[in-house]
Amino acid sequence: MVISGKELSAELKARMAAQVATFPKRYGRVPHLVVILVGEDPASQSYVKGKAKACEVVGIRNTTLLRPASITQEELLGMIDQLNRDEGVDGILVQLPLPEHIDENRIIAAIAREKDVDGFHPLNVAALWMKQPCTVACTPLGIIRMLDKAGVEIAGKRAVVIGRSQIVGLPTAKLLLDRNATVTICHSKTSNLAEITRQADILVVAIGRPRFVTEDMVSPGAVVIDVGVNRDPDTGKLCGDVDFEAIAPKAAVITPVPGGVGPMTITCLMENTISCFIARMTR
Ligand code: NAP
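Calculation notes
- Residues numbered from 1 in each chain as written.
- Predicted model: local features only at pLDDT ≥ 70, side-chain atom pairs only at ≥ 80, totals over all residues.
- Heavy atoms only, no water.
- Helix = DSSP H or I, 4+ residues; strand = E, 2+ residues; numbered from the N terminus.
- Rg over C-alpha atoms; globule rule 2.2 N^0.38 Å.
- Buried < 20%, exposed > 50% of the residue type's maximum accessible area, 1.4 Å probe, protein only.
- Contact = heavy atoms within 4.5 Å.
- Areas by Shrake-Rupley, 256 points an atom, 1.4 Å probe, with all protein chains shown as cover.
- Lys, Arg positive; Asp, Glu negative; His and termini not counted.
- Charge placed at Lys NZ, Arg CZ, Asp CG, Glu CD.
- Pairing = 2+ DSSP bridges.
- Axes fitted to C-alpha atoms, helices over the stretch in contact; angles between N-to-C directions.
- Near = heavy atom within 4 Å.
- Polar contact = N/O pair within 3.5 Å; in protein donor to acceptor, adjacent residues only side chain to side chain.
- Nonpolar A, V, L, I, M, F, W, Y, C, P; charged D, E, K, R; others polar.
- Salt bridge = Lys/Arg side-chain N within 4 Å of Asp/Glu carboxyl O.
- Domains from an automatic or database assignment.

The subject of this paragraph is the overall build of the protein chain. When helices and strands are tallied, the protein chain shows 11 helices and 10 strands. Scaling as 2.2 N^0.38, a compact globule of 283 residues should have a C-alpha radius of gyration of about 19 Å, and the protein chain matches this with 19 Å. The C-alpha extent of the protein chain, read off along each of the three principal axes, is 55 × 40 × 40 Å. Here the protein chain holds 283 residues, and the buried ones make up 47% of them. Intrachain contacts of the protein chain at a sequence separation of at least 6 include 69% that bridge at least 24 residues. About 13,500 Å² of surface is accessible on the protein chain, with carbon and sulfur atoms providing 53% of the total. With 32 positive and 31 negative side-chain charges, the protein chain shows a spacing of 5 Å between the two charge centroids.

This part is about the sheet that holds strand 5 (residues 182-186). Pairing is parallel in the open sheet, where 5 strands are placed in the order 5-4-6-7-10. If you trace the sheet from one side to the other, it starts and ends with strand 5 and strand 10 (253-254), each paired once. Looking at chain direction, strand 4 (residues 158-162) and strand 6 (residues 202-205) are connected through 4 bridges and run parallel. Counted as the bridge partner of A159 is I202 from strand 6. Seen against the sheet, helix 8 (residues 169-178) touches strand 4, strand 5 and strand 6 and runs at an angle of roughly 170° to strand 5.

Moving on: the sheet that holds strand 1 (residues 32-38). The 3 strands are arranged 2-1-3 in an open sheet whose pairing can be described as parallel. Each edge of the open sheet carries a strand with a single partner, namely strand 2 (61-67) and strand 3 (91-94). Averaged over all adjacent pairs, the angle separating strand axes in this sheet is 15°, with direction ignored. As paired elements, strand 1 and strand 3 share 4 bridges and run parallel to each other. Residue pairing in the sheet places I36 in a bridge with V94 of strand 3. Contacting strand 1, strand 2 and strand 3, helix 3 (residues 42-58) runs over the sheet at an angle of about 170° to strand 1.

Here we come to the site of the ligand. Near the ligand you find 21 residues, and of these R164, S165, S188, V229 and T265 are the closest. H187 has a polar backbone atom sitting 3.5 Å from a nitrogen atom of the ligand. At 3.2 Å from a nitrogen atom of the ligand is found a side-chain nitrogen or oxygen belonging to R209. Top element by residues in the shell around the ligand is helix 11 (residues 261-281). It accounts for 3 residues. A breakdown of the residues in the shell around the ligand according to their chemical character gives 9 nonpolar, 10 polar and 2 charged.

Evaluation of the coordinates by the stated rule reveals 12 salt bridges. Across the pair R85 and D81 runs a salt bridge whose closest N-O atoms are separated by 2.7 Å. Taken as a pair, R85 and D81 lie in helix 4 (residues 73-85) at a separation of 4 residues, close to a single helical turn. A relative accessible area of 59% places R85 in the exposed class. For the salt bridge of E87 with R283, the shortest nitrogen-to-oxygen distance reads 3.3 Å. In this pair, E87 is assigned in the loop between helix 4 and strand 3 and R283 in the segment after helix 11, connecting sequence segments 196 residues apart. In terms of burial, E87 and R283 fall into one category: exposed. Within this structure, R29, E87, D90, R280 and R283 form a network of salt bridges that share partners.

This part takes up the domain arrangement of the protein chain. One can read the domain layout of the protein chain as domain 1 (27-115) and domain 2 (138-262). For domain 1 versus domain 2, the distance between C-alpha centres works out to 29 Å.

Here you go:
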């Protein structure tokens, strides 16, 4: 079974659009997401475009603020401060990565927690690890939504997450743990990686290396979630971290790239924006 993130996203966005359509009557307006894009990185430009398009579909107001790569950290902090204080702004997203002269952690921490739709703010991260209400990072949330949609039983299963980044690997592992999986986190220093991945009932791969996970690393009937977004060095086309063609016949459930986790990340950003909006409107 191939879980189409594209199809699930369309379904969820249609549901959210119907919900947002009721907001002007109930709250006097629709949610407003502000995205800040610094510089001209083509991948970032394309992600920001995708976010704006999803906002349009769902009916969320979107403002994209473009700034040159030469912007100073102080200027960026000043922008965030203004947006934090703007009652008409519900979500603030600073597209990463930022130019090297800007401290990403400082920028993320400067965003008001209640407007942190990415779920990267230290207080949101801490709340996740303390099992407190919080905004969960979009990609890990999207992964859980896909597993649920596919009817994958998580409790009691062995989950292996390859990758320990703050934005994907770690929060995904925590969400799986909270759903009572037995979780192993692997990384670049893991010995005998294939031996560990072969034990996985659920394998989540977030490394950033084209087709790194080969058929011999996956046991029959496993659920395989491919987070990677890479360019195939031979064809130049988008591909994941998993050798999809070789593993799909063996896996019980697998996600494609493109059209898998990627669209779900953006859809969960819409979900987080709506949640932040409702929380602010009802506080
Ligand atoms: P990252 O911060 O670079 O982290 C990569 C992780 O992979 C690190 O923990 C690293 O281990 C581990 N790793 C690298 N080489 C490895 C190896 N040979 N064996 C085992 N582990 C290895 O990347 P990220 O931000 O988590 O993103 C991972 C991938 O997901 C990228 O392709 C990215 O484009 C994609 N992504 C997709 C979405 C989406 O919406 N679809 C969202 C975010 C990211 P160490 O910690 O030891 O260095």
